[in-house]
Amino acid sequence: MLTVQDVTCARGGIPVLSGINFEVAAVQALILRGPNGIGKTTLLRTLAGLQPALAGKITHPEDEAAYASHADGIKTALTVEENLKFWAEVYGNPIPESIWQAFDLADLQHRIAGTLSAGQKRRLGLARLGVVGRKVLFLDEPTVSLDGFSVRLFADWLQNTHLAAGGVAVIATHIDLGIDAPELELTPFRVASDKDGAADEAFL
Amino acid sequence: MIALLWRDLRLAMRAGGGFGLGLAFFLIVVVLVPLGVGPQTELLSRIAPGIFWIASLLAALLSLDRIFALDFDDGSLALLATSPLPLEGAALAKAIAHWITTGLPLTIVAPALGFLLALAPEAYKYLLMSLLLGTPALSMIGTFGAALTVGLRRGGLLLSLLVLPLYVPTLIYGAEAVRRGAQGLDASGALILLGVITAGCFAVLPFATAATLRINLR
(Lines give C-alpha, C1' and ligand atoms only; values in the text may rest on other atoms or scores of the structure.)
Protein backbone atom coordinates (compact mmCIF):
# COMPACT_ATOMS: atom_id res chain seq x y z
CA MET A 1 0.00 0.00 0.00
CA LEU A 2 2.90 2.30 0.77
CA THR A 3 6.06 1.89 -1.27
CA VAL A 4 9.24 3.85 -0.74
CA GLN A 5 11.93 3.37 -3.39
CA ASP A 6 15.47 4.64 -3.00
CA VAL A 7 14.39 7.84 -1.29
CA THR A 8 16.85 10.55 -0.26
CA CYS A 9 15.50 13.18 2.07
CA ALA A 10 17.08 16.46 3.10
CA ARG A 11 16.87 18.87 5.98
CA GLY A 12 17.61 22.49 5.12
CA GLY A 13 18.95 21.41 1.71
CA ILE A 14 21.45 18.96 3.21
CA PRO A 15 20.78 15.26 2.58
CA VAL A 16 20.43 13.37 5.84
CA LEU A 17 19.14 9.96 4.79
CA SER A 18 19.54 8.22 1.45
CA GLY A 19 18.74 4.95 -0.27
CA ILE A 20 15.72 4.18 1.86
CA ASN A 21 13.62 1.32 0.56
CA PHE A 22 10.64 -0.25 2.23
CA GLU A 23 7.16 -1.41 1.60
CA VAL A 24 4.23 -1.52 3.99
CA ALA A 25 1.25 -3.68 3.09
CA ALA A 26 -2.30 -3.08 4.31
CA VAL A 27 -3.01 -4.00 7.95
CA GLN A 28 0.68 -3.42 8.70
CA ALA A 29 2.70 -0.87 10.56
CA LEU A 30 6.36 0.03 10.33
CA ILE A 31 8.33 1.40 13.24
CA LEU A 32 11.23 3.74 12.51
CA ARG A 33 14.11 3.58 14.94
CA GLY A 34 17.22 5.67 15.22
CA PRO A 35 19.02 8.10 17.52
CA ASN A 36 17.98 11.75 17.85
CA GLY A 37 18.83 13.82 14.80
CA ILE A 38 19.10 10.87 12.43
CA GLY A 39 16.24 12.24 10.33
CA LYS A 40 13.09 10.43 11.46
CA THR A 41 11.03 13.61 11.38
CA THR A 42 12.56 14.64 8.06
CA LEU A 43 11.67 11.28 6.55
CA LEU A 44 8.11 11.42 7.87
CA ARG A 45 7.64 14.98 6.59
CA THR A 46 8.94 13.87 3.19
CA LEU A 47 6.58 10.88 3.17
CA ALA A 48 3.67 13.14 4.13
CA GLY A 49 4.49 15.47 1.24
CA LEU A 50 5.45 18.52 3.28
CA GLN A 51 8.83 18.61 1.59
CA PRO A 52 10.03 17.05 -1.65
CA ALA A 53 12.37 14.06 -1.67
CA LEU A 54 15.75 14.83 -3.24
CA ALA A 55 15.62 11.50 -5.06
CA GLY A 56 13.50 8.38 -5.20
CA LYS A 57 9.83 7.64 -5.33
CA ILE A 58 7.09 7.45 -2.73
CA THR A 59 3.82 5.84 -3.72
CA HIS A 60 0.66 5.52 -1.72
CA PRO A 61 -3.04 5.83 -2.63
CA GLU A 62 -3.87 9.43 -3.39
CA ASP A 63 -5.74 11.42 -0.74
CA GLU A 64 -5.30 8.67 1.81
CA ALA A 65 -2.41 10.00 3.89
CA ALA A 66 -2.51 11.87 7.18
CA TYR A 67 0.37 13.21 9.20
CA ALA A 68 0.78 13.80 12.93
CA SER A 69 3.74 15.90 14.00
CA HIS A 70 5.41 16.54 17.34
CA ALA A 71 3.01 19.45 17.76
CA ASP A 72 -0.64 18.56 18.21
CA GLY A 73 -2.13 21.48 16.30
CA ILE A 74 -4.61 22.09 19.12
CA LYS A 75 -6.30 25.46 19.48
CA THR A 76 -6.19 26.19 23.19
CA ALA A 77 -9.14 28.62 23.05
CA LEU A 78 -11.50 25.99 21.64
CA THR A 79 -13.08 23.08 23.48
CA VAL A 80 -11.97 19.50 22.92
CA GLU A 81 -15.07 18.82 20.86
CA GLU A 82 -14.64 21.96 18.74
CA ASN A 83 -11.05 21.02 17.98
CA LEU A 84 -12.04 17.57 16.77
CA LYS A 85 -15.07 18.89 14.94
CA PHE A 86 -12.91 21.29 12.96
CA TRP A 87 -10.68 18.50 11.65
CA ALA A 88 -13.70 16.30 10.99
CA GLU A 89 -15.18 19.07 8.84
CA VAL A 90 -11.92 19.71 7.01
CA TYR A 91 -11.74 16.01 6.10
CA GLY A 92 -15.48 15.83 5.45
CA ASN A 93 -16.20 13.10 8.00
CA PRO A 94 -18.53 12.84 10.97
CA ILE A 95 -16.87 12.30 14.36
CA PRO A 96 -17.18 8.58 15.19
CA GLU A 97 -18.91 8.18 18.56
CA SER A 98 -16.35 5.56 19.58
CA ILE A 99 -13.55 8.16 19.50
CA TRP A 100 -14.40 9.56 22.94
CA GLN A 101 -13.99 6.14 24.52
CA ALA A 102 -11.02 5.09 22.41
CA PHE A 103 -8.92 8.04 23.57
CA ASP A 104 -10.52 8.42 27.01
CA LEU A 105 -11.82 11.90 26.18
CA ALA A 106 -15.47 11.43 27.14
CA ASP A 107 -15.12 13.42 30.38
CA LEU A 108 -13.12 16.16 28.69
CA GLN A 109 -15.41 16.69 25.71
CA HIS A 110 -16.54 20.18 26.71
CA ARG A 111 -13.36 21.35 28.40
CA ILE A 112 -11.37 24.22 26.90
CA ALA A 113 -8.30 22.62 25.35
CA GLY A 114 -6.02 25.17 27.02
CA THR A 115 -6.88 23.70 30.43
CA LEU A 116 -5.80 20.17 29.51
CA SER A 117 -2.58 18.59 30.74
CA ALA A 118 0.21 17.76 28.29
CA GLY A 119 -0.83 14.12 28.12
CA GLN A 120 -4.50 14.97 27.65
CA LYS A 121 -3.57 17.35 24.83
CA ARG A 122 -1.57 14.58 23.21
CA ARG A 123 -4.58 12.26 23.44
CA LEU A 124 -6.69 14.93 21.76
CA GLY A 125 -4.01 15.35 19.07
CA LEU A 126 -4.04 11.59 18.46
CA ALA A 127 -7.84 11.46 18.46
CA ARG A 128 -7.63 13.72 15.39
CA LEU A 129 -6.25 10.69 13.55
CA GLY A 130 -9.48 8.89 14.33
CA VAL A 131 -11.66 11.52 12.67
CA VAL A 132 -9.62 12.10 9.52
CA GLY A 133 -10.56 8.70 8.13
CA ARG A 134 -7.28 8.23 6.26
CA LYS A 135 -5.70 4.86 5.57
CA VAL A 136 -2.01 5.84 5.58
CA LEU A 137 -0.77 7.45 8.80
CA PHE A 138 2.63 9.02 9.36
CA LEU A 139 3.15 9.39 13.10
CA ASP A 140 6.03 11.31 14.60
CA GLU A 141 6.64 10.19 18.20
CA PRO A 142 2.93 9.78 18.95
CA THR A 143 3.43 8.69 22.55
CA VAL A 144 5.42 11.66 23.87
CA SER A 145 4.04 12.73 27.28
CA LEU A 146 1.53 9.86 27.41
CA ASP A 147 1.34 7.65 30.49
CA GLY A 148 1.48 3.87 30.23
CA PHE A 149 -2.29 3.52 30.26
CA SER A 150 -2.71 6.02 27.40
CA VAL A 151 0.04 4.37 25.37
CA ARG A 152 -1.86 1.09 25.60
CA LEU A 153 -5.07 2.92 24.72
CA PHE A 154 -3.42 4.36 21.62
CA ALA A 155 -1.77 1.07 20.62
CA ASP A 156 -5.17 -0.63 20.97
CA TRP A 157 -6.81 1.92 18.75
CA LEU A 158 -4.03 1.66 16.18
CA GLN A 159 -4.11 -2.12 16.11
CA ASN A 160 -7.81 -2.84 16.45
CA THR A 161 -9.44 0.12 14.75
CA HIS A 162 -7.01 1.60 12.27
CA LEU A 163 -4.86 -1.31 11.10
CA ALA A 164 -7.65 -3.86 11.37
CA ALA A 165 -9.69 -1.79 8.93
CA GLY A 166 -6.98 -2.11 6.30
CA GLY A 167 -4.87 0.87 7.33
CA VAL A 168 -1.16 1.43 7.28
CA ALA A 169 1.04 3.35 9.70
CA VAL A 170 4.65 4.49 9.74
CA ILE A 171 5.62 5.40 13.28
CA ALA A 172 8.77 7.01 14.61
CA THR A 173 9.11 6.17 18.27
CA HIS A 174 11.67 5.39 20.95
CA ILE A 175 9.47 3.19 23.10
CA ASP A 176 7.89 -0.21 22.71
CA LEU A 177 4.34 0.37 21.58
CA GLY A 178 3.36 -3.23 22.10
CA ILE A 179 2.04 -3.69 18.61
CA ASP A 180 3.21 -6.39 16.28
CA ALA A 181 5.21 -4.52 13.64
CA PRO A 182 8.58 -4.76 11.90
CA GLU A 183 11.20 -2.18 12.79
CA LEU A 184 13.48 -0.21 10.49
CA GLU A 185 16.75 1.04 11.91
CA LEU A 186 17.69 4.25 10.08
CA THR A 187 21.36 4.47 11.09
CA PRO A 188 22.68 2.55 8.02
CA PHE A 189 20.99 5.07 5.70
CA ARG A 190 22.70 8.07 7.25
CA VAL A 191 24.51 10.39 4.83
CA ALA A 192 27.99 11.46 5.94
CA SER A 193 27.65 15.11 6.82
CA ASP A 194 30.65 16.32 4.76
CA LYS A 195 29.70 14.49 1.60
CA ASP A 196 30.33 16.33 -1.70
CA GLY A 197 27.40 18.31 -2.96
CA ALA A 198 25.82 18.80 0.38
CA ALA A 199 27.37 22.21 0.92
CA ASP A 200 26.30 23.43 -2.53
CA GLU A 201 22.73 22.47 -1.79
CA ALA A 202 22.78 24.40 1.44
CA PHE A 203 23.66 27.63 -0.31
CA LEU A 204 20.78 27.42 -2.76
CA MET B 1 -12.78 26.19 3.81
CA ILE B 2 -15.97 27.16 5.61
CA ALA B 3 -14.79 25.09 8.58
CA LEU B 4 -11.51 27.02 8.70
CA LEU B 5 -13.32 30.33 8.35
CA TRP B 6 -15.62 29.50 11.27
CA ARG B 7 -12.75 28.25 13.37
CA ASP B 8 -10.78 31.44 12.81
CA LEU B 9 -13.78 33.63 13.57
CA ARG B 10 -14.51 31.63 16.72
CA LEU B 11 -10.88 31.92 17.79
CA ALA B 12 -10.97 35.67 17.20
CA MET B 13 -14.03 36.01 19.44
CA ARG B 14 -12.57 33.92 22.28
CA ALA B 15 -10.36 35.36 24.98
CA GLY B 16 -7.09 36.68 23.62
CA GLY B 17 -8.29 36.38 20.05
CA GLY B 18 -7.86 40.05 19.34
CA PHE B 19 -11.27 40.71 17.86
CA GLY B 20 -11.97 44.42 18.12
CA LEU B 21 -8.32 45.28 18.60
CA GLY B 22 -8.05 46.75 15.12
CA LEU B 23 -11.37 48.49 15.55
CA ALA B 24 -10.33 50.03 18.87
CA PHE B 25 -7.06 51.19 17.31
CA PHE B 26 -8.98 52.77 14.43
CA LEU B 27 -11.28 54.57 16.87
CA ILE B 28 -8.37 55.93 18.87
CA VAL B 29 -6.51 57.25 15.82
CA VAL B 30 -9.64 58.95 14.50
CA VAL B 31 -10.31 60.48 17.92
CA LEU B 32 -6.72 61.62 18.44
CA VAL B 33 -6.28 63.39 15.11
CA PRO B 34 -8.75 66.23 15.80
CA LEU B 35 -7.17 66.66 19.24
CA GLY B 36 -3.76 67.00 17.63
CA VAL B 37 -4.80 69.21 14.75
CA GLY B 38 -6.93 71.56 16.83
CA PRO B 39 -10.35 73.07 16.20
CA GLN B 40 -9.88 73.96 12.55
CA THR B 41 -12.86 72.32 10.91
CA GLU B 42 -11.85 73.39 7.41
CA LEU B 43 -8.40 71.78 7.68
CA LEU B 44 -9.88 68.69 9.34
CA SER B 45 -12.46 68.14 6.64
CA ARG B 46 -9.72 68.49 4.04
CA ILE B 47 -7.51 65.80 5.61
CA ALA B 48 -10.38 63.56 6.77
CA PRO B 49 -10.33 61.14 3.76
CA GLY B 50 -6.61 60.55 4.14
CA ILE B 51 -6.84 60.08 7.91
CA PHE B 52 -9.66 57.57 7.60
CA TRP B 53 -7.71 55.54 5.09
CA ILE B 54 -4.39 55.67 6.89
CA ALA B 55 -6.12 54.65 10.12
CA SER B 56 -7.71 51.70 8.27
CA LEU B 57 -4.34 50.64 6.88
CA LEU B 58 -2.71 50.68 10.30
CA ALA B 59 -5.64 48.94 11.95
CA ALA B 60 -5.47 46.16 9.36
CA LEU B 61 -1.72 45.89 9.85
CA LEU B 62 -2.08 45.42 13.60
CA SER B 63 -3.39 41.86 13.51
CA LEU B 64 -1.67 40.61 10.35
CA ASP B 65 1.17 38.71 12.00
CA ARG B 66 -1.33 36.52 13.86
CA ILE B 67 -2.86 35.18 10.65
CA PHE B 68 -0.40 32.34 10.17
CA ALA B 69 2.06 32.66 13.07
CA LEU B 70 -0.23 31.07 15.68
CA ASP B 71 -1.08 28.15 13.40
CA PHE B 72 2.58 27.73 12.53
CA ASP B 73 3.65 27.64 16.17
CA ASP B 74 1.10 25.09 17.36
CA GLY B 75 1.67 22.85 14.35
CA SER B 76 -1.78 23.16 12.83
CA LEU B 77 -0.40 24.82 9.68
CA ALA B 78 1.60 21.70 8.82
CA LEU B 79 -1.46 19.58 9.53
CA LEU B 80 -3.59 21.85 7.34
CA ALA B 81 -1.02 21.59 4.56
CA THR B 82 -1.40 17.79 4.56
CA SER B 83 -5.20 17.93 4.79
CA PRO B 84 -7.56 17.74 1.82
CA LEU B 85 -8.15 21.48 2.05
CA PRO B 86 -5.87 23.08 -0.58
CA LEU B 87 -3.59 25.75 0.87
CA GLU B 88 -5.01 28.21 -1.65
CA GLY B 89 -8.42 27.71 -0.04
CA ALA B 90 -6.88 28.04 3.42
CA ALA B 91 -5.23 31.34 2.39
CA LEU B 92 -8.54 32.66 1.09
CA ALA B 93 -10.38 31.58 4.24
CA LYS B 94 -7.73 33.26 6.39
CA ALA B 95 -7.98 36.51 4.42
CA ILE B 96 -11.78 36.53 4.64
CA ALA B 97 -11.66 35.82 8.38
CA HIS B 98 -9.19 38.67 8.83
CA TRP B 99 -11.44 41.01 6.87
CA ILE B 100 -14.53 40.06 8.88
CA THR B 101 -12.69 40.73 12.14
CA THR B 102 -10.96 43.99 11.10
CA GLY B 103 -12.06 45.50 7.78
CA LEU B 104 -15.79 44.94 8.11
CA PRO B 105 -16.24 46.38 11.63
CA LEU B 106 -14.29 49.53 10.81
CA THR B 107 -16.19 49.98 7.56
CA ILE B 108 -19.40 49.93 9.57
CA VAL B 109 -18.10 52.24 12.30
CA ALA B 110 -16.24 54.77 10.10
CA PRO B 111 -19.32 56.72 8.90
CA ALA B 112 -20.37 57.21 12.51
CA LEU B 113 -17.04 58.92 13.19
CA GLY B 114 -17.21 61.28 10.20
CA PHE B 115 -18.33 64.20 12.38
CA LEU B 116 -15.15 63.99 14.47
CA LEU B 117 -13.12 64.91 11.40
CA ALA B 118 -15.75 67.29 10.03
CA LEU B 119 -16.24 65.10 6.99
CA ALA B 120 -18.43 66.74 4.34
CA PRO B 121 -21.97 65.30 4.45
CA GLU B 122 -21.81 64.27 0.79
CA ALA B 123 -18.71 62.15 1.47
CA TYR B 124 -20.25 59.67 3.95
CA LYS B 125 -21.62 57.49 1.20
CA TYR B 126 -18.24 57.39 -0.54
CA LEU B 127 -16.37 56.68 2.68
CA LEU B 128 -18.56 53.64 3.27
CA MET B 129 -18.28 52.44 -0.32
CA SER B 130 -14.54 52.95 -0.62
CA LEU B 131 -13.85 51.11 2.64
CA LEU B 132 -16.18 48.29 1.65
CA LEU B 133 -14.40 47.91 -1.70
CA GLY B 134 -10.86 48.56 -0.50
CA THR B 135 -10.42 46.87 2.90
CA PRO B 136 -10.72 43.30 1.53
CA ALA B 137 -7.58 44.01 -0.52
CA LEU B 138 -5.80 45.06 2.67
CA SER B 139 -6.60 41.70 4.27
CA MET B 140 -5.61 39.68 1.20
CA ILE B 141 -2.30 41.50 0.68
CA GLY B 142 -1.64 41.23 4.41
CA THR B 143 -2.29 37.47 4.33
CA PHE B 144 0.33 37.16 1.62
CA GLY B 145 2.77 39.21 3.70
CA ALA B 146 2.01 37.06 6.74
CA ALA B 147 2.81 33.94 4.72
CA LEU B 148 6.15 35.44 3.66
CA THR B 149 7.22 36.06 7.25
CA VAL B 150 5.59 33.06 8.90
CA GLY B 151 8.71 31.22 10.05
CA LEU B 152 10.49 34.29 11.38
CA ARG B 153 10.69 35.28 15.00
CA ARG B 154 9.64 38.91 15.40
CA GLY B 155 8.53 39.01 11.79
CA GLY B 156 5.97 41.69 12.60
CA LEU B 157 8.15 44.67 11.76
CA LEU B 158 9.42 43.12 8.55
CA LEU B 159 5.83 42.32 7.70
CA SER B 160 4.87 45.99 8.03
CA LEU B 161 7.75 47.04 5.80
CA LEU B 162 6.76 44.48 3.18
CA VAL B 163 3.06 45.11 3.24
CA LEU B 164 2.69 48.88 3.61
CA PRO B 165 4.16 49.72 0.17
CA LEU B 166 1.76 47.20 -1.35
CA TYR B 167 -1.10 49.10 0.30
CA VAL B 168 -0.25 52.29 -1.60
CA PRO B 169 -2.61 51.85 -4.59
CA THR B 170 -5.53 51.04 -2.30
CA LEU B 171 -4.71 54.06 -0.12
CA ILE B 172 -4.47 56.42 -3.10
CA TYR B 173 -7.72 55.41 -4.76
CA GLY B 174 -9.58 54.94 -1.48
CA ALA B 175 -8.75 58.41 -0.22
CA GLU B 176 -9.27 59.87 -3.69
CA ALA B 177 -12.79 58.43 -3.90
CA VAL B 178 -13.73 60.02 -0.56
CA ARG B 179 -12.09 63.33 -1.46
CA ARG B 180 -13.92 63.52 -4.77
CA GLY B 181 -17.16 62.62 -3.03
CA ALA B 182 -16.60 65.41 -0.50
CA GLN B 183 -16.06 67.93 -3.29
CA GLY B 184 -19.15 66.79 -5.14
CA LEU B 185 -17.11 65.41 -8.05
CA ASP B 186 -17.61 62.11 -9.82
CA ALA B 187 -15.89 59.41 -7.72
CA SER B 188 -16.89 56.39 -9.78
CA GLY B 189 -13.50 56.12 -11.49
CA ALA B 190 -11.61 55.84 -8.21
CA LEU B 191 -14.17 53.40 -6.81
CA ILE B 192 -13.93 51.20 -9.88
CA LEU B 193 -10.13 51.13 -9.67
CA LEU B 194 -10.40 50.29 -5.98
CA GLY B 195 -12.66 47.37 -6.84
CA VAL B 196 -10.29 46.26 -9.58
CA ILE B 197 -7.33 46.20 -7.17
CA THR B 198 -9.34 44.13 -4.68
CA ALA B 199 -10.54 41.71 -7.36
CA GLY B 200 -7.00 41.37 -8.72
CA CYS B 201 -5.63 40.65 -5.25
CA PHE B 202 -8.20 37.95 -4.61
CA ALA B 203 -7.56 36.39 -8.03
CA VAL B 204 -3.78 36.15 -7.69
CA LEU B 205 -2.67 36.30 -4.07
CA PRO B 206 -4.26 33.07 -2.72
CA PHE B 207 -1.99 31.17 -5.12
CA ALA B 208 1.06 33.24 -4.21
CA THR B 209 0.25 32.82 -0.51
CA ALA B 210 -0.08 29.04 -0.85
CA ALA B 211 3.20 28.78 -2.77
CA THR B 212 4.96 30.86 -0.12
CA LEU B 213 3.54 28.73 2.68
CA ARG B 214 4.70 25.53 0.99
CA ILE B 215 8.24 26.87 0.81
CA ASN B 216 8.15 28.11 4.40
CA LEU B 217 6.87 24.75 5.67
CA ARG B 218 9.74 22.76 4.17
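Residues numbered from 1 in each chain as written. Chains lettered and ligands numbered in written order. Predicted model: local features only at pLDDT ≥ 70, side-chain atom pairs only at ≥ 80, totals over all residues.

### Considering the overall build of chain A
Okay, step 1: Regarding its fold elements, chain A presents 6 helices and 8 strands.
Okay, step 2: In sequence order, chain A lays out its α and β elements as β-β-β-α-β-β-α-α-α-β-α-β-β-α.
Okay, step 3: Computed over its C-alpha atoms, the radius of gyration of chain A comes to 18 Å, within 12% of the 17 Å expected for a compact globule of 204 residues.
Okay, step 4: Counting only C-alpha atoms, chain A reaches 55 × 35 × 30 Å along its principal axes.
Okay, step 5: Of all 204 residues assigned to chain A, the portion counted as buried reaches 39%. (Helix = DSSP H or I, 4+ residues; strand = E, 2+ residues; numbered from the N terminus. Rg over C-alpha atoms; globule rule 2.2 N^0.38 Å. Buried ≥ 20, exposed ≤ 12 C-beta atoms within 10 Å, placed from the backbone.)

### Regarding the interface of chain B and chain A
Okay, step 1: Tallying the contact residues gives 21 residues for chain B and 20 residues for chain A.
Okay, step 2: Going through the elements one at a time, helix H1 (2–13) and helix H5 (76–81) of chain B are the ones with two or more residues in the side of chain B that touches chain A.
Okay, step 3: Considering each element in turn, the side of chain B that touches chain A owes the most residues, 5 residues, to H1 of chain B.
Okay, step 4: A breakdown of the residues in the side of chain B that touches chain A according to their chemical character gives 10 nonpolar, 6 polar and 5 charged. (Contact = placed C-beta atoms within 7 Å. Nonpolar A, V, L, I, M, F, W, Y, C, P; charged D, E, K, R; others polar.)

### Brief notes about helix H3 (residues 41–62) of chain B
Okay, step 1: End to end, H3 of chain B covers 29 Å across 22 residues, agreeing with the expected 32 Å (1.5 Å per residue, within 8%).
Okay, step 2: At Ile 47 of chain B, H3 of chain B shows its largest bend, some 50 degrees, and a proline, Pro 49 of chain B, comes one to four positions later. (Expected span 1.5 Å × (residues − 1). Bend = angle between axes of the 7 residues up to and from the residue.)

### Remarks on the packing of helix H2 (residues 80–90) of chain A against helix H4 (residues 118–132) of chain A
All names here are of chain A.
Okay, step 1: Running from N to C, H2 and H4 cross one another at 35 degrees; their axes reach a closest spacing of 9 Å. The crossing of H2 and H4 is right-handed. Of the residues in H4, those touching H2 at Val 80, Asn 83, Leu 84, Trp 87 and Ala 88 are Leu 124, Ala 127, Arg 128, Val 131 and Val 132.
Okay, step 2: The class makeup of the residues in the contact of H2 with H4 is 8 nonpolar, 1 polar and 1 charged. (Axes fitted to C-alpha atoms, helices over the stretch in contact; angles between N-to-C directions. Left-handed = near helix turned anticlockwise from the far one by under 90°.)

### Comments concerning unusual backbone geometry
Okay, step 1: Unlike most non-glycine residues, Glu 141 of chain A shows phi in positive territory, near 45 degrees.
Okay, step 2: Its place among the elements puts Glu 141 of chain A in the loop between strand E6 (136–140) and helix H5 (148–162).
Okay, step 3: With 19 C-beta atoms counted inside 10 Å, the residue Glu 141 of chain A sits in the partly exposed group.
Okay, step 4: Positive phi values are uncommon outside glycine, yet Arg 154 of chain B reaches one of about 50 degrees.
Okay, step 5: You can see Arg 154 of chain B is positioned in the loop between helix H7 (124–148) and helix H8 (156–166).

### Notes on the sheet that holds strand E2 (residues 14–24) of chain A
Residue and element names in this part refer to chain A.
Okay, step 1: With antiparallel pairing, 3 strands are arranged side by side in an open sheet as E2-E1-E4. The open sheet has two edge strands, E2 and strand E4 (55–59), and neither has a second partner. Pairwise comparison of adjacent strand axes, ignoring direction, gives a mean angle of 30 degrees for this sheet.
Okay, step 2: Where strand E1 (residues 2–11) lies against E2, 7 bridges are found, and the strand directions are antiparallel. Following the sheet pairing, Val 7 is matched in E2 by Ile 20.
Okay, step 3: The strands touched by helix H1 (residues 40–48) are E1, E2 and E4; relative to E1, the strand with the most contacts, the crossing angle is about 120 degrees. (Pairing = 2+ DSSP bridges.)

### Regarding the confidence of the model for chain A
Okay, step 1: Predicted confidence across chain A gives a mean pLDDT of 87, with 94% of residues reaching 70 or more.
Okay, step 2: Contacts for the low-pLDDT stretch residues 196–204 of chain A, under 50 throughout, to residues beyond four places or in other chains number 9 contacts. (pLDDT = per-residue confidence, 0-100.)

### Quick notes on the packing of H7 of chain B against H8 of chain B
All names here are of chain B.
Okay, step 1: Remark: H7 packs on H8, axes separated minimally by 9 Å, with the N-to-C direction vectors making an angle of 150 degrees. Between H7 and H8, the angle is such that the two are roughly antiparallel. Viewed along their axes, H7 and H8 form a crossing whose handedness is right-handed. Here Ile 141, Gly 142, Gly 145, Ala 146 and Leu 148 of H7 come into contact with H8, specifically with Leu 159, Leu 162, Val 163 and Leu 166.
Okay, step 2: Tallied by class, the residues present in the contact of H7 with H8 amount to 7 nonpolar, 2 polar and no charged. (Parallel < 35°, antiparallel > 145°, perpendicular 65-115°, else oblique.)

### Things to note about the sheet that holds strand E3 (residues 28–33) of chain A
Residue and element names in this part refer to chain A.
Okay, step 1: Reading across from one edge, E5-E6-E7-E3-E8 is the order of the 5 strands in this open sheet, with parallel pairing throughout. Every interior strand has two partners, whereas the edge strands, strand E5 (65–68) and strand E8 (183–185), have only one. Ignoring which end each strand starts from, the neighbouring axes of this sheet average 15 degrees apart.
Okay, step 2: Across the sheet, H4 lies against E5 and E6, angled at about 175 degrees from E5, the strand it touches most.

### Quick word on the pairing of E6 of chain A
Residues and elements named next belong to chain A.
Okay, step 1: The element E6 is extensively covered by neighbouring structure, given that 5 of its 5 residues are classed as buried.
Okay, step 2: The pairing of E5 with E6 spans 4 bridges and is classified as parallel. Opposite Ala 68, over in E6, you have Leu 139 as the bridge partner.
Okay, step 3: In terms of strand pairing, E6 meets strand E7 (residues 168–172) through 5 bridges, oriented parallel. Bridge pairing in E7 places Asp 140 opposite Ala 172.

### Re helix H6 (residues 87–113) of chain B
Okay, step 1: Here H6 of chain B contains 27 residues, and its C-alpha end-to-end distance of 38 Å stays within 8% of the 39 Å for a straight helix at 1.5 Å per residue.
Okay, step 2: When the local axis directions of H6 of chain B are compared, the greatest deviation, roughly 40 degrees, occurs at Trp 99 of chain B.

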